[in-house]
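# Structural overview for review
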Amino acid sequence: MIDELRSIQHQFGYLPADRLQELAVKIHVPLSQIHAVASFYPHFHLTPPAQAEVRVCADMSCHLRGAPDLKRGLEQALGASGTEKVAVRNVSCLGRCDQAPALSINDRIYSNLDEHRAAALVRDVLSGREPPAEQLAHKPGPVASDPYNGAPKYSLVRQFIERPDWAGVIATLKAAGLRGMGGAGFPTGSKWEIVRNAPGTDKYIVCNADESEPGTIKDRFIMENVPYLVIEGMILAGLVTGARRGILYIRHEYEHPKEILQEEIDRCYREGLLGSNILGSALTFDLEIFVSPGGYICGEESALLEAIEGKRAEPRNKPPFPGTNGLWNQPTAINNVETFTFATVILSRGAEWFKAQGTNSAFGMKFVGISGDVNRPGIFEVPMGTKYSQLIYEYAGGILGDRPLLAYAPSGPSSGYLPASMADLSLDWNAVAAAGSMVGSGAIVVCAEGRCMLDMALNATRFYRNESCGKCVPCRVGSQKLVEMLSRWTDGHSSSTDLPLLDELSHALKLTSICGLGQVVPVPILSVLKHFREVVDDHLIRRRCPAGVCFPQTQRGTA
């Protein structure tokens, strides 16, 4: 259904009602169900869009790097065009956190533009000219852990075809201690083993390349630089588990990585590494790309499966888990891009090599994305155990304007914020968990002195409110209540009942939300209350924002 909807929108620019009726007849699905799906995903339009649809990323890194001023400037510069011609709105993370601020014009993404250059592009669209292609910042670079480094690829697949030792593969992954690198951290070898041992002949491998959380950009780098490691990891997972079909689920904002991956997949088919009778054997594995119709919730594994099945991307209740009841209720191994990549690395270089790469008593490698108030935002491949201070000051070049470090999020909004006093914490699963946060996906967002941490908590909470699928009441209502509360605080209005209500909401969200999105909604503000309580007290008690960010404009001069 989603491919059909995408085709209609490509033809008309939106989804006309009569075309949806025709689609319902064509695929024998009730019109109400088609409308339910089409209205769920932000990539689909049920009414004709403006001639120029301008979307400015509003989340963490872009928020820090000038997105609010960019949006205000565009509204002022383009206001005379009228809403029928131009629509300027906020949008959730566009996956360009290292090139912030980012915006899209009619679904074409641009980065590092000021309001004058962005307005000029919009005027080009209004005059009938096609906007230019995105100026890609991608520069192919070496990946230290790449076992091939220019040598012929896919040697592991060739070896497995000759000696299909599935138990040995799983044992190696377990010995290396490879965990899911998307944030959950479930042992990869155990996941593949569960699918291998699950009954049934129809099994699936799914790669989650839908990284949509603010600050999370590492998978884009991996797909652009070493796509063959991702694909070989998926092929090996299929051969080991007995799955005969794989699906790489990628966010629609990643057009360039998708093209690179598709070229690599096509090459694998030409060389007999994919398809029926792989390399002359009796083994089969087919692989295709599924482009997401949008929405952060699609990063939740069961919601992702629902999207592939042509449904609203609403998380499933667990148990059962995807290992036994996944895609189309069949056993399914879901891992993210980085996990499949390191599976290939480990099986090529060995478990001991991988474990020896860490430092400060940690082991293994990690890709991290560092953005926000740093001089060299980007994606870096680093040893586990590296101190966050080293990541910020050495890898990312230190703080913009030589300002002191105020805070950092180890993994985007879901990790909350840690203070500068904890910058020597090691990039280590257990150490960061003991500090009350998490390594997660490695989306490190840096805040310099002069930022308002209450404003940053509101920004993160608003992201979760906007991206809630709405399926469960605690998340749908609780996220909105928290946004309303924090908005009042930043406007200079609070109540004596706010803090007890915040505790109650946080408890309810953590215990009763269906998925991780709802469970982490209160994390940003709870971390600010824990580590930056004086900032909150300044707002609630003294009605001042030391950073001069909050409260009505008339008060900012004296804040």
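About the thresholds
Residues numbered from 1 in each chain as written. Predicted model: local features only at pLDDT ≥ 70, side-chain atom pairs only at ≥ 80, totals over all residues. Heavy atoms only, no water. Helix = DSSP H or I, 4+ residues; strand = E, 2+ residues; numbered from the N terminus. Rg over C-alpha atoms; globule rule 2.2 N^0.38 Å. Buried < 20%, exposed > 50% of the residue type's maximum accessible area, 1.4 Å probe, protein only. Contact = heavy atoms within 4.5 Å. Areas by Shrake-Rupley, 256 points an atom, 1.4 Å probe, with all protein chains shown as cover. Lys, Arg positive; Asp, Glu negative; His and termini not counted. Charge placed at Lys NZ, Arg CZ, Asp CG, Glu CD. Salt bridge = Lys/Arg side-chain N within 4 Å of Asp/Glu carboxyl O. pLDDT = per-residue confidence, 0-100. Pairing = 2+ DSSP bridges. Core = buried A, V, L, I, M, F, W, Y, C linked by side-chain atoms within 4.5 Å. Phe/Tyr/Trp six-rings, centres within 6.5 Å; stacked < 30°, edge-to-face > 60°. Lys NZ or Arg CZ within 6 Å of the ring centre and 35° of its normal.

### Observations concerning the overall build of the protein chain
Counting its secondary structure elements, the protein chain contains 23 helices and 13 strands. Taken over C-alpha atoms, the radius of gyration comes to 24 Å for the protein chain, in line with the 24 Å a tight globule of 559 residues would show. The dimensions of the protein chain, computed from C-alpha atoms along their principal axes, are 75 × 60 × 45 Å. Within the span of the protein chain, comprising 559 residues, buried residues form 55% of the whole. A sequence separation of at least 24 residues applies to 70% of the contacts in the protein chain between residues at least 6 apart. Approximately 22,600 Å² of the protein chain is accessible, and the part contributed by carbon and sulfur atoms is 50%. Considering the protein chain, the positive charge centre built from 55 side chains and the negative charge centre built from 60 side chains are found 2 Å apart.

### What about the pattern of salt bridges?
This structure, assessed with the given rule, holds 35 salt bridges. Across the salt bridge formed by Glu255 and Lys258, the nearest N and O atoms sit 3.9 Å from each other. Placement of the pair is Glu255 and Lys258 together in helix α12 (residues 255-270), with a separation of 3 residues, close to one helical turn. Linking Arg451 and Asp373 is a salt bridge whose minimum nitrogen-to-oxygen distance equals 2.8 Å. Taken together, the positions of Arg451 in the loop between β13 (443-448) and α18 (453-467) and Asp373 in the loop between β9 (365-372) and β10 (378-383) put the pair 78 residues apart, joining distant regions of the chain. Each member of the salt-bridge network shares a partner with another, and the members are Lys218, Asp219, Glu338 and Lys366.

### Thoughts on the side chain of Asn335
Take Asn335: it is sitting in strand β8 (residues 332-336). Not counting the four nearest positions on each side in its chain, Asn335 is found in contact with Thr188, Lys191, Trp192, Val206, Cys207, Asn208 and Phe340.

### Overview of the confidence of the model for the protein chain
Overall, the predicted model of the protein chain reaches an average pLDDT of 94, with 97% of residues at or above 70. In this model residues 553-559 is a low-confidence stretch, pLDDT under 50, and it forms 7 contacts with partners more than four residues away in sequence or in other chains.

### A short note on the pairing of β8
Among the 5 residues of β8, 5 are classified as buried, and the element is accordingly described as predominantly covered. In terms of strand pairing, strand β5 (residues 204-209) meets β8 through 5 bridges, oriented parallel. Paired with Asn208 across the two strands is Asn336, which belongs to β8.

### Regarding the nonpolar core
One finds Val157, Trp192, Leu248, Ile370 and Tyr388 to be the most contacted residues of the largest nonpolar core, which totals 86 residues. With 10 residues, the top contributor of residues to this core is helix α11 (residues 227-241). Leave out the neighbours within four places in its chain, and Leu248 touches Cys207, Ala209, Val230, Met234, Leu261, Leu287, Glu288, Ile289 and Phe290. Within the second largest apolar cluster, 72 residues are counted, among which are Ile8, Leu20, Phe40 and Cys452.

### Focus: the packing of aromatic side chains
All told, the structure shown has 14 aromatic pairs when counted by the stated rule. Each member of the aromatic cluster is reached from another via a ring pair, and the members are Phe221, Phe342, Phe354 and Phe367. Taking NZ or CZ as reference, Arg349 lies 4.6 Å from the ring centre of Trp353, over its face. Sitting over the ring of Phe363, Lys355 keeps its end group 5.9 Å from the ring centre.

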